[in-house]
Amino acid sequence: SPPQGYYTRRAGIGESGDFVTSPEISQVFGELIGIWCISEWIAMGKPKAFQLVELGPGRGTLTDDILRVFNQLASLLSKCDVSIHLVEVSPKLSEVQALMLTGGKVQSNPEDESAYMKGVSKTGIPIFWYRDIQDVAPGYSFYLAHEFFDALPIHKFQRTEKGWREVLVDIDPEVPDQLRFVLSPSSTPATENFIQPEETRDHVEVCPEAGVIIQRLACRIEKDGGAALVADYGHDGTKTDTFRGFQNHKLHDVLRAPGTADLTADVDFSYLRKMAQGRTATLGPVKQREFLKNMGIDLRLQVLLQNSRDPATHEQLLHSYDMLMNPKKMGDCFNFFALLPHHRLAHPDTKQKPESKSPLPPVAGFGELLLK
Ligand code: SAH
């Protein structure tokens, strides 16, 4: 909601806000995602240009950390034309991103572009802002979505003796200004369309907007190449009632004071896989601690510890590592999921030329290929 929505009014990401995310916890997180992009770019034969497209960039920290990696590997990327494309609906957060990434030097509503804002990063890379992924020009791209899909609206359904019913939001007739959940008296169009006939759960949450966006990403990757990396908390089609709110890092009644709390639902990766419709291969979900370990987080931590003698820095590095990796913290509940062109994963044996020599390198982070 432009006037009343949480992301347009409040958007409290970070320690002083409502929730904190991995890129905000440690620079290492974004650095490893930057390495992932470069690794895939190399594995796909170093195309002459790529777009880095981030959906829901928050405070811009992830892209900032990735740009630092790109800058450190400038000699490797010297012949590659790199540009940054941020899909962001929040005017407030786009300002925060602009400050973080460009120092605030941006042009609003540039005439020649589909973007609503453009600027240049501190390292000289062009950056564009859009409200919708469809406004981003086609081309070989790496798409990143970190804690993006969980923020999109869901439909909720409940199995009853009379069949599936949709969970709707109503005004409580007894208490003024109080919202309540009710069950639809009969089946609704959403019930007819979003519940799979083979569904075994009694309560189901579906995020059709996530499905539409994954379809678009899969079409783009199939046509123009690239990859998408999705990281979020979620499940593989097993969980039921996960819709919840957060305010000041505490659980918050989702129906109270709408627009003042972060509303979130676990991402259903089985649904995302289904919505890729076989246009791309899908990898994962793998747990965050496995992905980051495969990406070399332990080595990076050792280097950072060796580079500093300050005990406070050491403590901070170890604390943030624990937050990201500990199975009881973010290590187990966050997952990584990727879309890649089929040819990226095709085994040499199944190719037309069986004599072709070197096997394709495994996709970084996913260890042994979890090909589905
Ligand atoms: N990726 C960041 C922020 C996550 S919060 C991080 O991990 O720290 C979700 C982000 O998605 C915010 O930037 C929010 O403004 C943005 N967002 C929410 N709904 C959106 C939509 N429909 N289209 C584009 N961006 C959206």
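Keep in mind that what you see is a predicted model, and the values were worked out from it rather than measured. Position numbers for residues start from 1 in each chain and track the written sequence from start to end. Reporting in this predicted model follows two pLDDT cut-offs: at least 70 for local features of residues, and 80 or more for side-chain atom pairs to be given and counted; totals over whole chains, interfaces and linings ignore these cut-offs and use all residues. Side-chain metrics in this entry use all non-hydrogen atoms of the structure; hydrogen atoms and water are not considered.

**So, the packing of helix H11 (residues 297–307) against helix H12 (residues 311–325)**
Point 1. Angular values range over 0 to 180 degrees, each being the angle between N-to-C directions of two axes fitted as lines to C-alpha atoms, with helices fitted over their stretch in contact. A run of DSSP states H or I qualifies as a helix once it reaches four residues; a run of E qualifies as a strand once it reaches two. Both are numbered from the N-terminal end. As a packed pair, H11 and H12 sit with axes 10 Å apart at the nearest point and diverge in direction by 170°. With respect to H12, the axis of H11 lies roughly antiparallel. Like other packed secondary-structure pairs, H11 and H12 cross with a definite hand, here right-handed. From H11, Ile297, Asp298, Leu301, Leu304 and Leu305 reach across to H12, where they touch His314, Leu317, Leu318, Tyr321, Leu324 and Met325.
Point 2. Under the scheme applied here, ten amino acids are nonpolar (Ala, Val, Leu, Ile, Met, Phe, Trp, Tyr, Cys and Pro), four are charged (Asp, Glu, Lys and Arg), and all others, including Gly, are polar. In terms of residue class, the contact of H11 with H12 is built from nine nonpolar, one polar and one charged. Roughly parallel here means an angle under 35 degrees, roughly antiparallel means over 145, roughly perpendicular means 65 to 115, and every remaining angle is called oblique. Crossing handedness follows the turn of the near helix against the far one: under a right angle anticlockwise gives a left-handed crossing, and clockwise gives a right-handed one. In this description, contact between two residues means that some pair of their heavy atoms is separated by no more than 4.5 Å.

**Let's talk about the state of the cysteines**
Point 1. Only a pair of cysteine sulfur atoms within 2.5 Å qualifies as a disulfide here. Under the defined criterion, the tally for this structure stands at zero disulfides.
Point 2. Distance from the sulfur of Cys80, which forms no disulfide, to the nearest cysteine sulfur (Cys37) is 11 Å.
Point 3. Each residue gets one of three labels from its accessible area relative to the maximum for its type: buried under 20%, exposed over 50%, partly exposed in between, using a 1.4 Å probe on protein chains only. A relative accessible area of 10% means that Cys80 is categorised as buried.
Point 4. Considering cysteine sulfurs only, Cys207 is the nearest to Cys219, which forms no disulfide, with 18 Å between them.
Point 5. Cys219 gets classed as partly exposed once you look at its relative accessible area, which sits at 32%.

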